[in-house]
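Structure at a glance
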Amino acid sequence: MATDMQRLVGTSEDEDEEDIEMDVKEEDDDEDDDMEKHIATPPLVGVDGLMGSSSNNSRFHHPQIHEQGSNPGGGARRSRPLEEKERTKLRERHRRAITARILAGLRRHGNYNLRVRADINDVIAALAREAGWVVLPDGTTFPSRSQGSKPISGTSAAVTPPSSEMVLQQAPLTSLRGISSGYGSPVDYNASRMKGVYVPNSSPYDSSSRGQSQISSALGDGGEPLNTQAIIGGSVESVDAKQIVDVPSKLPERDFAATPYIPVYVMLPLGVINVKSELVDPDGLLKQLRILKSLNVDGVTVDCWWGVVEAHAPQEYNWNGYRRLFQMVHELKFKLQVIMSFHECGGNVGDDVCIPLPHWVAEIGRSNPDIFFTDREGRRNPECLSWGIDKERVLRGRTAVEVYFDYMRSFRAEFNDYFEDGIISMIGIGLGPCGELRYPSNPVKNGWRYPGIGEFQCYDQYLLKNLRKAAEARGQAFWARGPDNAGSYNSQPQETGFFCDGGDYDGYFGRFFLKWYSQVLIDHGDRVLALAKLAFDGTCIAAKLSGIYWWYRTASHAAESTAGFYNPSNRDGYATIAAMLKKHGAALNFTCAQLHVLDQQDFSSALADPDGLAWQVLNAAWDHGIPVIGENFLPCHTRVGYNKMLDGAKLLNDPDGRHFLSFTYLRLNSILMERQNLLEFERFVKRMHGEAVRDLQQ
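Residues numbered from 1 in each chain as written. Predicted model: local features only at pLDDT ≥ 70, side-chain atom pairs only at ≥ 80, totals over all residues. Heavy atoms only, no water.

- Named according to an unreviewed UniProt entry, the chain is Beta-amylase originating from Eucalyptus grandis.
- Annotation of the chain in UniProt includes, under Catalytic activity (unreviewed entry), the sentence "Hydrolysis of (1->4)-alpha-D-glucosidic linkages in polysaccharides so as to remove successive maltose units from the non-reducing ends of the chains."
- Annotation of the chain in UniProt includes, under Sequence similarities (unreviewed entry), the sentence "Belongs to the glycosyl hydrolase 14 family." (UniProt positions renumbered as here; feature names shortened; annotations may be inferred.)

1. Some words on the environment of Asp623
- Along the chain, the position of Asp623 falls in helix H17 (residues 610-623).
- A C-alpha to C-alpha distance of 8.7 Å links Asp623 and Ala575, two positions 48 residues apart in sequence. (Helix = DSSP H or I, 4+ residues; strand = E, 2+ residues; numbered from the N terminus.)

2. Side note on the nonpolar core
- Ranked by size, the top nonpolar core spans 146 residues in total, and within it Phe326, Met340, Leu385, Phe411, Ile429, Phe536 and Phe681 carry the most contacts.
- Leave out the neighbours within four places in its chain, and Leu385 touches Trp306, Leu357, Val361, Ile371, Phe372, Phe373, Leu395, Ala400 and Tyr404.
- Core analysis: the second largest hydrophobic core is formed by 8 residues, Ile98, Leu106, Ala118 and Val123 among them. (Core = buried A, V, L, I, M, F, W, Y, C linked by side-chain atoms within 4.5 Å. Buried < 20%, exposed > 50% of the residue type's maximum accessible area, 1.4 Å probe, protein only. Contact = heavy atoms within 4.5 Å.)

3. Details of the confidence of the model for the chain
- Considering every residue of the chain, the mean pLDDT works out to 78; 69% of them sit at 70 or more.
- Low confidence marks residues 1-77, where pLDDT is under 50. Its contacts with residues over four positions away, or in another chain, come to 172 contacts.
- Taken as a whole, residues 145-249 scores under 50 in pLDDT and shows 259 contacts with residues more than four places along the chain or in a different chain. (pLDDT = per-residue confidence, 0-100.)

4. Concerning the side chain of Ser561
- Tracing the backbone through its elements, the reader meets Ser561 in helix H14 (residues 558-562).
- A distance of 3.4 Å separates the side chain of Ser561 from the backbone oxygen of Ser556, its partner in a polar contact.
- Setting aside its immediate chain neighbours within four residues, Ser561 contacts Phe456, Phe499, Leu514, Tyr517 and Ser556. (Polar contact = N/O pair within 3.5 Å; in protein donor to acceptor, adjacent residues only side chain to side chain.)

Structure follows, in structure tokens:
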């Protein structure tokens with residue numbers, strides 16, 4: 001077996017010489033730095049607007065060939081042209097992507113106990129041992145005695161491992177599935193505690209690490225990809241100095257004709273209604289809505305901000321701006337999805353307006369800051385109210401749940417005619433930060449950066465009182481505290497005593513605390529959705545769940561735990577949430593869709609698995625008979641991104657015919673209104689509707 005390597009997939013120098021087929025030397029640090037200036041590298045992206053934004057329109061630039069000068073110190077130094085270096089790096093990345101997918105397939109389908117940082121030598125050795133060969137640590141390989149003699153030259157026997165039913169062959173990258181690299185942790189947790197792991201539909205849109213983000217904006221006048229898309233797939237050949245990738249200029253696409261009809265809604269701008277409850281730029285909005293109508297979009301989605309409607313005094317509601325907006329939407333014969341937004345807007349990526357919580361709530365918070373979520377250091381988060389006051393009469397004589405219910409009843413009474421006419425098709429219920437059912441465990445304002453694990457948010461006096469009661473009921477009063485070794489916002493799991501492999505999270509106290517912490521989240525959703533079902537009887541209600549996908553391939557699932565999802569490798573933390581939603585007939589709005597178009601190289605460093613998370617959450621919902629609503633959280637204007645969202649919305653060859661109930665596109669803006677972007681979006685809408693399109697690439 002090869003020695004452990006620092007990267008997820010590594011190669012030896014001998015392999016470099018054989019595969020690259022070039023006599024090259026290793027670049028030194030200076031040359032690497034120089035080369036990196038010529039390669040577009042996509043930045044990190046994240047969830048809920050909490051990370052730096054990414055550009056879906058980055059292009060891949062080919063630098064001009066030139067020779068470096070000789071060393072000033074004397075003897076001439078051999079140096080490769082920059083284009084040659086670039087080609088070498090592409091070859092290496094391409095090979096590593098293939099190896100990562102082979103490793104993932106063997107782990108998932110063949111139960112091969114491969115190390116997390118296994119390389120291609122481990123793959124070959126595992127296959128050889130499966131076939132009955134003996135492989136020594138130094139690589140020496142020979143048949144076992146039970147096999148007898150094997151042909152050394154001439155004809156060779158092709159061996160197919162029966163446990164994995166895989167055929168090992170050299171294949172172009174476009175034929176590989178976009179599987180994330182395994183479920184293992186640094187202690188090979190995958191060998192004994194694997195959950196259901198998502199294997200995406202076979203799709204030509206999966207690419208090696210940086211290909212997708214580098215080509216996403218390369219569209220011609222007719223919407224056809226430019227030749228820069230060649231880096232997505234195909235085998236790398238060393239034919240001449242100028243040829244870098246040898247692939248077809250067009251990629252085959254899945255045909256969605258005659259597939260189920262999925263309604264498409266477009267989210268309106270965050271500030272379409274200003275803080276004075278006035279409709280902003282009605283003429284400009286009307287023009288944009290008419291364009292959407294011409295594209296056969298089914299409807300629009302809008303946030304009804306608590307901080308706008310009940311801004312100045314308790315139970316004084318101003319719906320004027322929303323009344324005018326809904327009239328405009330009704331005249332265009334659109335459907336409406338409305339979000340009851342009980343959180344503040346501003347401070348997250350994509351937030352172009354600032355809408356705080358109501359002024360009268362902020363005044364209460366200045367004298368009683370414990371109404372807000374609080375971390376271990378005592379830092380308050382005014383983005384939304386703590387669930388500790390759900391049943392505490394601290395809001396001018398009302399509990400938080402009563403405040404939410406009064407707001408929802410006022411909306412229903414104000415717009416009852418829209419409910420009776422069926423114009424309002426769904427009501428989304430805000431249940432936490434960004435309207436999502438989770439703790440605000442990773443706030444940028446407190447210094448969090450991806451892929452930090454975040455911090456527990458249970459240190460306001462009301463949640464601590466709740467914890468104390470739970471500990472006393474358990475007979476362990478000294479457990480009435482949060483863990484003191486769970487790290488800080490930007491810690492990694494292995495740096496903490498609580499979340500590391502074998503850490504306290506799986507001990508008696510850890511299991512008690514995490515179960516209590518997640519139960520508070522479920523209880524909050526249960527209370528608010530029960531009242532929402534009462535207020536909006538006869539109309540579909542939905543709850544939004546975010547995808548906390550980083551550190552998913554570790555045993556503790558630390559980032560999910562601090563957000564309130566008790567989902568370690570030996571427990572399904574989303575089944576209990578699905579059961580709670582089923583109790584109230586609520587749909588699940590899941591916002592992890594489209595993640596697999598991101599740079600998979602970013603995932604490996606954080607042991608992330610967005611596809612595995614998505615598959616677990618969606619199956620939890622479907623197992624309980626809950627409809628699922630899809631939503632993109634990253635800007636998308638390219639065919640690559642749209643095709644990935646289509647694949648997620650309409651599962652290929654699913655025996656149960658499962659698909660999304662509807663899809664919400666974020667969001668209406670001037671960029672979407674550009675001609676080329678509208679053409680791609682219209683094509684996306686048609687395919688969501690199950691209509692045939694004429695320009696499918698063959």
